[in-house]
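Fold and contact review
Below are the chains, spelled out letter by letter.
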Amino acid sequence: MRQLNEDTLTAEVVRRLKGVKDPRFKQIMTSAIKHLHAFARDVKHTEEEWFEGIKFLTAVGQKCDDKRQGCILLSDVLGLSMMVVALNHKTAPGATEATVLGPFFAHGAKEFGYGGDLRVGATMKGEDVYVSGRVLSVDGKPIAGAVLDIWQAKADGIYDVQDPEAELELRGRVKASANGEYAFKSYKPKFYSIPMDGPVGDLVRRTGNHHMRPAHMHAIVSAPGYQQVITHVFVEGDPYLDGDAVFAVKDSLVAKYGKVASKDEAKKLGMPSPFLRLQWDFNLSPMGKVKARRVVAPSDALA
Ligand SMILES: [Fe+2]
């Protein structure tokens, strides 16, 4: 077909997918083409604007390597990541709610057993916190063999991976005990700005939206026979809970960090006195009970 114009082009591009064998791929491509063309028609894209868009996407791609993920950050600030999470995680009653992976997951974190100290090697001190809890099934039964991938920003709100020269810190693979109990020592997370030094930062600045994320630690909780959950634990009282730049806050994920003044308790747990304590349980859905859940091996998360 020749002589295509703005009224006939979309149908012809879609028609050329007729030989596609994979029905899901065909469905996605058809919809993507229709929406992209409709978008261009809707805003009556100029060629200069189209080229600006190409330059922007190129710059976002250039902010991707094994430690930084500009494409995930873009998806996050557009709300696309949380849209995909919402569509795919019709959480079973009682299960820990899922949120975005975010751009700062990294491979190669150390393994820790019960009570492990994620502060070791940290280049910046924060408020000491002892985090403990259980990994449970939605029916309340302890889960054996659970692993928690934990990561969080340093006290200045910057992640280790944002400095290409830095070693990994404040992250670890924490193994729960046979009765589902886990514990580790860390620092209380602090709110932070998403990275504003790249094209996604420029975009956010131009929208006039704020660029802060409420304080949180990230967790991927996995156990054999259970659906993995990628989630956050937020800090009660944080000033940015209602305006998260990546839209990830859920009421069920806001936790209270309590102050412990007891010197005996501090000594027993190997903590300075006073210290903060976070008690937090994760509840997983058994595999197969909920349809359409993702299963992301942490090691594949950014592959
Ligand atoms: Fe984060």
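Refer to the structure printed above.
Computed from a prediction, not measured in an experiment: that's the story for all the values here. (Residues numbered from 1 in each chain as written. Predicted model: local features only at pLDDT ≥ 70, side-chain atom pairs only at ≥ 80, totals over all residues. Heavy atoms only, no water.)

1. Some remarks on the overall build of the protein
For clarity, the threshold we go by: Secondary structure elements follow DSSP: runs of H or I of four or more residues count as helices, runs of E of two or more count as strands, with numbering from the N terminus. Only protein chains enter the calculation, and the probe is 1.4 Å; a residue is then buried if its accessible area is under 20% of its type maximum, exposed if over 50%, and partly exposed in between. Whether two residues touch is decided by their heavy atoms; if any such pair falls within 4.5 Å, the residues are in contact. The charge count includes Lys and Arg as positive and Asp and Glu as negative, but it does not include His or the ends of the chains. By convention, the charge on Lys lies at NZ, on Arg at CZ, on Asp at CG and on Glu at CD.
Scanning the protein from N- to C-terminus turns up seven helices and 14 strands. Along the first, second and third principal axes, the C-alpha set of the protein runs to 80 × 40 × 30 Å. Buried residues in the protein amount to 44% of all 303 residues. Sequence-distant contacts, at least 24 apart, represent 70% of the contacts inside the protein between residues at least 6 apart. Across the protein, the mean location of the 41 positive side-chain charges is 5 Å away from that of the 37 negative side-chain charges.

2. Notes on the nonpolar core
Soluble, globular proteins show a tendency: their nonpolar side chains are buried together. Formally: What makes a nonpolar core is a set of buried Ala, Val, Leu, Ile, Met, Phe, Trp, Tyr and Cys residues whose side-chain atoms join them at distances within 4.5 Å.
Formed by 47 residues in total, the largest nonpolar core has its most connected members in V135, L148, Y182, L278 and F282. Beyond its immediate chain neighbours, meaning those up to four positions away, V135 contacts K141, P142, I143, A146, L148, A176, G180, Y182, V221, F282 and L284. With twelve residues, the next largest nonpolar core counts F104, Y159, Y192 and I230 among its residues.

3. Some words on the layout of surface pockets
We count it as follows: Think of a 1 Å grid over just the protein atoms. A cavity is a set of points where a 1.4 Å probe fits yet cannot get out, a pocket is an open set with protein on both sides within 12 Å along at least five of seven lines, and lining residues have an atom within 4 Å of a point. Grid points are joined across faces, edges and corners, and a volume is the space filled by probe spheres set on the points. Here the term charged refers only to Asp, Glu, Lys and Arg, the term nonpolar to Ala, Val, Leu, Ile, Met, Phe, Trp, Tyr, Cys and Pro, and the term polar to all other amino acids, Gly among them.
Estimates place the volume of the largest pocket at around 900 Å³. Lining of the largest pocket is provided by 23 residues; of these, F39, H45, E49, W50 and G53 occupy positions nearest its centre. When residues of the lining of the largest pocket are traced back to their parent elements, those giving at least two are α1 (9-15), α2 (23-43), α3 (47-62) and α6 (199-207). Here the lining of the largest pocket gets eight residues from one element, more than from any other, and that element is α3. Tallied by class, the residues present in the lining of the largest pocket amount to eleven nonpolar, five polar and seven charged.

4. Description of the packing of α3 against α6
Working note: a packed helix pair is described by the angle between its axes plus the distance between those axes. As a reminder, the rule being used: Helix axes are fitted to C-alpha atoms over the stretch in contact, other axes to C-alpha atoms as well, and angles between N-to-C directions run from 0 to 180 degrees. Any angle between 65 and 115 degrees counts as roughly perpendicular, while under 35 counts as roughly parallel, over 145 as roughly antiparallel, and the rest as oblique.
At a minimum axis distance of 8 Å, the contact between α3 and α6 shows a crossing angle of 130°. Considering their axes alone, α3 and α6 lie oblique with respect to each other. Mapping the contact onto sequence places F56, A59 and V60 in α3 and P199, V200 and L203 in α6. Classifying every residue of the contact of α3 with α6 gives six nonpolar, no polar and no charged.

5. Some words on the environment of G198
Secondary-structure assignment places G198 in the loop between β7 (192-193) and α6. For the pair G198 and F56, spaced 142 residues apart in the sequence, the C-alpha separation amounts to 9.9 Å.

6. Some thoughts on the coordination of the iron ion
For clarity, the threshold we go by: Note that water is not among the atoms considered, so a metal site may appear incomplete; the donors listed are N, O and S atoms within 2.8 Å of the metal, with 3.2 Å applied to Na, K and Ca. By the criteria applied here, four donors are tetrahedral when all angles lie between 85 and 135 degrees, four are square planar and six octahedral when opposite donors are over 155 degrees apart and every other angle lies between 65 and 115, and any other arrangement is irregular.
Y159 (OH), Y192 (OH), H216 (NE2) and H218 (NE2) make up the full set of protein donors to the iron ion, lying at 2.0 to 2.1 Å. Geometry at the iron ion is irregular, judged from its four donor atoms and the angles of 92 to 156° they form at the metal. Donor residues for the iron ion, ordered by position in the chain, follow Y-x32-Y-x23-H-x1-H. Residue Y159 is found in the loop between β4 (147-151) and β5 (171-175), and its partner Y192 is found in strand β7; the two are separated by 33 residues along the sequence. A single burial state applies to Y159 and to Y192, both of which are buried.

7. Focus on the sheet that holds strand β10 (residues 229-235)
Counted only if it meets this: Two strands are said to pair when DSSP picks up at least two bridges between them.
The strand order β1-β5-β4-β9-β10-β11 describes an open sheet built from six strands, whose pairing is mixed. Both edges of this open sheet fall to β1 (111-112) and β11 (254-255), since each of them pairs with a single strand only. By the bridge criterion, five bridges tie β4 to β5 in an arrangement that is antiparallel. Residue W151 lies in a different strand from β5, and its bridge partner there is R171.

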